[in-house]
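Here is what each chain is made of, one letter per residue.
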Amino acid sequence: MSNPRNRILASTALALVLAAPLGYLAKGHLTAMAATSAEPAVTQFAPVNATPASEPAAISNGASGAPASAIEPATSAQPAAATEQQTAIEPVVAPDPLAALDPADRAVAEKIRDLLATRGDKLFTAKKEREAVEAFYQNRNLAPLWLDKGIENARAEAVIARMKNADADGLEPGDYKAPSFSGLAPDALAEAELRLTRAVLTYARHVQAGRFPYTRVSKNIELPQAAPEPADVLSSVADAANAGKALDAYSPQNQHYRQLKAALADLRGKPGASKGQIDTITANMERWRWYPRDLGNAYSLVNLPDFTLRVMHNGGQVWTTRIVIGKPSMATPLLSETMKYLTVNPTWTVPQSIVRNEYLPALAQDPTVLDRMGLRVSYSGGGVTITQPPGDGNALGRVRFSFNNRFSVFQHDTPDKGYFNDTVRAYSHGCMRVQDPPKYAEVLLNIARPSEHWTAEKIRKMYGGAERDLQLQHASIWVHLTYQTAFVDNSGKLEMRRDIYGLDSRTIAAIKSERGHLEQAPERKREEIATAPLKPTAPAARTSALPQTTYTTPGYARQLPPSIFR
């Protein structure tokens, strides 16, 4: 071994022996890291700490010529190490949503949470209202709305004062009783909080849409009667600088309602005010709540008990005329709809229900009766069609004003001009006959089509020709059929009218007995609107009128004089 050449060979052999297990170890370590590369981030770091303990065994096995699988036990220990690290991590604790509340408010908030969970369906019986209340309080981390540091705040005082003055809107203050917040424990304060919330929601609903569904009064009505969204009410009073004024904004804002409100206050201030008058005003205010919040910039306002039509534009009256309305047995309905067009020289196509129930029996009695009325009869496929062509004797006169509605009523001209001389003009079968239709057409067309300069004379010059529709859709002209037995005239005087359809008495009775949530008014079939008896019936009384016989038909039909059967 003293030979230099032998020493070099020996050193080389030793190096090879030592290098083999180190290379094998390096290969095994890379394999273990590759195997753990797909693990979550926590487990990827575990082998770093486990490697020093496993390396001596790996070297020993390598030195004794053991196969590569001999190092696997070292790798299998890695998940255990990772698990120990994971269990050492402390869980994240969610922040306390009530931590920012004053201790007094926090105690109430905890009770609010419990009440909503256990008695929410008792405090707020309507599902939509209950869900809105729960969402509202959750969004504010259950903080009370009417309390600050456990004491009644200015917001609560403002809404309570407004509800105590509910009779100014013809409502009953006793329907909105406010709880006391004085000297109560947190659980009682929480219940008082939710009871005031309920009272505010009830008040907003009543003052905007009424205290009961209008179907309690009549089925001859179709109006929006839209209650406010509970979530909107809560957010408006919560965000307002003056919660009382925010609540007051839910009452109708149109001039007709506000004039009645002022008249009611004035009447109550007079000694010996008539209870009957107060009840009548209250009933009229209740009905106004059924109408749209916005009556429109331009609208035709029919007041049935006053037998008048007024056109309103830009907040003022621009024209008025007399009308004939439905008699009590065939009352004109209450509704709101937009007028789409008017027709000059209209053709009357008799509805099939009238053909079957009215004119076929008349035809059987006298085969010439329809010819003498100017009606045309045609037969096709076993069916009968009856029409009346345009002309002076047409039941619709020379102009018809159309607005779609399920009652099939509209406004129109009439050849029977004498009716407009009477004070009480309830003679039709539902439709409204207009005293001066050419002027009415002029007013409407100049609102909808101002650049065309329409005149009543221009409308009259179109008489006698073919049927022609004049569109009004460039402007939204609403038609509101109302029942105002109490209203304020243009001079500011309170006017009262006779309850010809009995709607006041039924409205007052419902006010005194009905409370509750508003349900959607059910749709009714047109056949339910007007039933037509087969035998002639007498018309409503008319001053200086000759005796007449009437076949009861919808509002656009004409009365048949007795002489027609002679």
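Fair warning: this is a prediction, and the values are worked out from it, not measured in the lab.

Chemist: Honestly, the overall build of the protein chain in this entry has me stumped. Any pointers?
Modeler: Along the protein chain, the regular secondary structure elements total 18 helices and 19 strands. Classification of the 566 residues of the protein chain by burial places 45% in the buried group. Summarising the internal contacts of the protein chain: among those between residues at least 6 apart in sequence, 70% fall at separations of at least 24.

Chemist: Please clarify how the pairing of strand S6 (residues 316–326) should be interpreted in this entry.
Modeler: On any regular strand, side chains alternate: one points to one face of the sheet, the next to the other face. In the sheet, strand S5 (residues 308–313) pairs with S6 via six bridges, with the strands oriented antiparallel. Opposite leucine 309, over in S6, you have threonine 321 as the bridge partner. Connecting S5 to the next strand, S6, in antiparallel fashion are two residues, including asparagine 314 with a positive phi near 55°. Bridge count between S6 and strand S15 (residues 432–434): two bridges; the pairing is antiparallel. In the strand pairing of S15, isoleucine 323 is matched with valine 434. Sheet analysis places S6 next to strand S14 (residues 426–428), joined by two bridges and oriented parallel. When the sheet's bridge partners are listed, glycine 326 is paired in S14 with serine 428.

Chemist: Teacher, can you tell me more about the nonpolar core here?
Modeler: Ranked by size, the top nonpolar core spans 80 residues in total, and within it Leu342, Tyr359, Tyr440 and Ile459 carry the most contacts. Those residues in contact with isoleucine 459 that sit more than four places away from it in its chain are Val344, Val399, Pro438, Ala441, Leu445, Trp454 and Leu470. The next biggest cluster of nonpolar side chains, apart from the first, holds 44 residues, and it includes Ile160, Leu196, Ala238 and Ala243.

Chemist: Just to check I follow, could you spell out the sheet that holds strand S11 (residues 383–388) for this structure?
Modeler: One key point about sheets: their strands pair by backbone hydrogen bonds, in either a parallel or an antiparallel sense. Strand order in the open sheet formed by three strands is S9-S11-S10, with antiparallel pairing between adjacent strands. Pairing within the sheet leaves two strands with one partner each, and these edge strands are strand S9 (348–349) and strand S10 (376–380). Summarising the sheet, S10 and S11 pair through five bridges and their orientation is antiparallel. Its bridge partner being in S11, tyrosine 379 is matched across the sheet by valine 384.

Chemist: Would you explain the side chain of arginine 310 in this entry?
Modeler: Position of arginine 310 relative to the elements: it lies in strand S5. The charged side chain of arginine 310 is buried without a salt bridge, its nearest counter-charge being aspartate 306 at 6.6 Å. One polar contact links arginine 310 to glutamine 317, side chain to side chain, over a distance of 3.1 Å. A polar contact is formed between the side chain of arginine 310 and the side chain of asparagine 490, at a distance of 3.5 Å. The contact partners of arginine 310, leaving out residues within four places of it in the chain, are His256, Tyr299, Ser300, Leu301, Gln317, Trp319, Thr320 and Asn490.

Chemist: Got a minute to help me understand the packing of aromatic side chains in this structure?
Modeler: Any two aromatic rings considered together are summarised by their centre-to-centre distance and by the angle between their planes. All chains considered together, the criterion is met by 10 aromatic pairs. Between tyrosine 483 and tyrosine 501, the ring centres sit 5.8 Å apart and the planes meet at 20°, which makes this aromatic pair stacked. Here the residue tyrosine 483 occupies a position in the loop between strand S17 (477–482) and strand S18 (486–488), and tyrosine 501 occupies one in the loop between strand S19 (494–496) and helix H18 (503–513), the gap between them amounting to 18 residues. Accessibility expressed as a relative area gives 2% for tyrosine 483, which makes it buried. Of the aromatic side chains, those joined through ring pairs into one cluster are Phe212, Tyr214 and Trp290. Its end group placed over the ring of phenylalanine 410, arginine 400 keeps NZ or CZ at 5.9 Å from the ring centre. Stacked on the ring of tryptophan 454, the Lys or Arg lysine 458 has its end atom at 4.1 Å from the ring centre.

Chemist: Looking at this model, I keep getting lost on unusual backbone geometry. Mind explaining?
Modeler: Trans peptide bonds make up most of the peptide bonds, and negative phi angles are found at most residues other than glycine. Backbone geometry at leucine 142 places phi at a positive 65°, although glycine is not the residue there. Looking at the secondary structure, you find leucine 142 in the loop between helix H7 (127–139) and strand S1 (147–148).

Chemist: What should I look at first to understand the packing of H7 against helix H9 (residues 186–209) in this one?
Modeler: For any two helices packed against each other, the geometry comes down to the angle between their axes and how far apart the axes lie. Interaxial distance between H7 and H9 falls to 12 Å at its minimum, and their mutual angle equals 125°. Compared by their axis directions, H7 and H9 come out oblique. Once H7 is placed against H9, the crossing between them reads as right-handed. Of the residues in H9, those in contact with Glu129, Val133 and Tyr137 of H7 are Glu193, Leu194, Thr197, Leu201 and Arg205. Among the residues making up the contact of H7 with H9, the classes are represented as four nonpolar, one polar and three charged.

Chemist: Looking at this structure, how should I read the pattern of salt bridges?
Modeler: Where charged atoms from two side chains of opposite charge approach closely, those side chains can pair. Within this structure, the stated rule accounts for 27 salt bridges. Here arginine 195 ties to glutamate 191 by a salt bridge, and the two come within 2.8 Å at their closest N and O atoms. Taken together, the positions of arginine 195 and glutamate 191, both in helix H9 and four residues apart, correspond to about one turn of that helix. Taken together, the salt bridges that share partners define one network made up of Arg162, Asp169, Asp248 and Lys261.

Chemist: Would you mind showing me how to read helix H13 (residues 275–288) here?
Modeler: Every α-helical turn comprises 3.6 residues, leaving residues that sit three or four positions apart pointing alike. If you check H13, its first and last C-alpha atoms are 20 Å apart, about what 14 residues at 1.5 Å a residue would give, namely 20 Å. Counting buried positions along H13 yields 11 of 14 residues, so the element is predominantly enclosed. Listing the buried residues of H13 in full gives Ile278, Asp279, Thr280, Ile281, Thr282, Ala283, Asn284, Met285, Glu286, Arg287 and Trp288. The opening residue of H13 is serine 274, an N-cap whose side-chain oxygen sits 3.3 Å from the backbone nitrogen of glycine 276.

Chemist: How should the packing of H9 against helix H10 (residues 230–239) be read in this particular structure?
Modeler: Between H9 and H10, whose axes approach to 10 Å, the crossing angle comes to 115°. With respect to each other, H9 and H10 are oriented roughly perpendicular. In the crossing of H9 with H10, the sense of the turn from one axis to the other is right-handed. Contact residues: H9 offers Thr197, Val200, Leu201 and Ala204, while H10 offers Pro230, Val233 and Leu234.

Chemist: Where do I start with helix H16 (residues 437–448) in this structure?
Modeler: If you check H16, its first and last C-alpha atoms are 16 Å apart, about what 12 residues at 1.5 Å a residue would give, namely 16 Å. Here H16 lies mainly inside the structure; 10 of its 12 residues are buried. Listed as buried for H16 are Pro437, Pro438, Tyr440, Ala441, Glu442, Val443, Leu444, Leu445, Ile447 and Ala448.

Chemist: In this structure, what is going on with the environment of alanine 109? I would like to understand it.
Modeler: Locating alanine 109 in the fold gives a position in helix H6 (residues 103–123). For alanine 109, a relative accessible area of 0% puts it in the buried group. Considering only alpha carbons, one finds alanine 109 and proline 144, 35 residues apart in sequence, at a separation of 6.4 Å. If sequence neighbours within four positions are ignored, alanine 109 has contacts with Leu98, Leu101 and Leu142.

Chemist: Which parts of the structure should I look at to understand the confidence of the model for the protein chain?
Modeler: Close inspection of predicted coordinates is inappropriate for parts of the model with low pLDDT. Looking at the protein chain, pLDDT values average 81 and 75% of them are 70 or higher. For the stretch residues 13–77, pLDDT sits under 50, and the model shows 32 contacts to residues farther than four places along the chain or on other chains.

Calculation rules
- Throughout, residues of each chain are indexed from 1 in the direction in which the sequence is written.
- With pLDDT at 70 or above as the cut-off, local features in this predicted model cover only qualifying residues; side-chain atom pairs require 80 or more to be listed or tallied, and sums for whole chains, interfaces and linings still use all residues.
- Hydrogen atoms and water are omitted, and side-chain values are computed over all heavy atoms in the structure.
- The secondary structure listing takes helices from DSSP runs of H or I that are at least 4 residues long and strands from runs of E that are at least 2 residues long, numbered from the N terminus.
- We call a residue buried when its accessible area falls under 20% of the maximum for its residue type, exposed when it is over 50%, and partly exposed in between, using a 1.4 Å probe and counting protein chains only.
- The contact definition used throughout considers only heavy atoms, calling two residues in contact when any of these lie within 4.5 Å.
- Two strands make a pair as long as DSSP finds a minimum of two bridges between them.
- Nine residue types can take part in a nonpolar core, namely buried Ala, Val, Leu, Ile, Met, Phe, Trp, Tyr and Cys, and a core is a set of them joined through side-chain atoms within 4.5 Å.
- Charge counting treats Lys and Arg as positive and Asp and Glu as negative, with His and both chain ends excluded.
- When a carboxyl oxygen of Asp or Glu lies within 4 Å of a side-chain nitrogen of Lys or Arg, that pair is called a salt bridge.
- Any pair of nitrogen or oxygen atoms within 3.5 Å is treated as a polar contact; in protein, a donor-acceptor pairing is required on top of that, and neighbouring residues in sequence qualify only through side-chain atoms on both sides.
- For Phe, Tyr and Trp, where Trp contributes only its six-membered ring, two rings pair if their centres lie within 6.5 Å, and the inter-plane angle classes them as stacked under 30 degrees, edge-to-face over 60, or tilted in between.
- Any Lys NZ or Arg CZ that is within 6 Å of a ring centre and within 35 degrees of that ring's normal is treated as a charge sitting over the ring.
- Every axis in this analysis is a line fitted to C-alpha atoms, fitted for helices over the stretch in contact. Angles between the N-to-C directions lie between 0 and 180 degrees.
- Throughout, the term roughly parallel applies to angles under 35 degrees, roughly antiparallel to angles over 145, roughly perpendicular to angles from 65 to 115, and oblique to all others.
- Helix crossings get a hand from a simple test, with the near helix turned counterclockwise from the far one by less than a right angle marking a left-handed crossing and a clockwise turn marking a right-handed one.
- Each residue gets one label: Ala, Val, Leu, Ile, Met, Phe, Trp, Tyr, Cys and Pro are nonpolar, Asp, Glu, Lys and Arg are charged, and the others, such as Gly, are polar.
- Each residue after the first adds 1.5 Å to the expected span of a helix.
- In predicted models, pLDDT denotes the confidence assigned by the predictor to each residue on a 0 to 100 scale.

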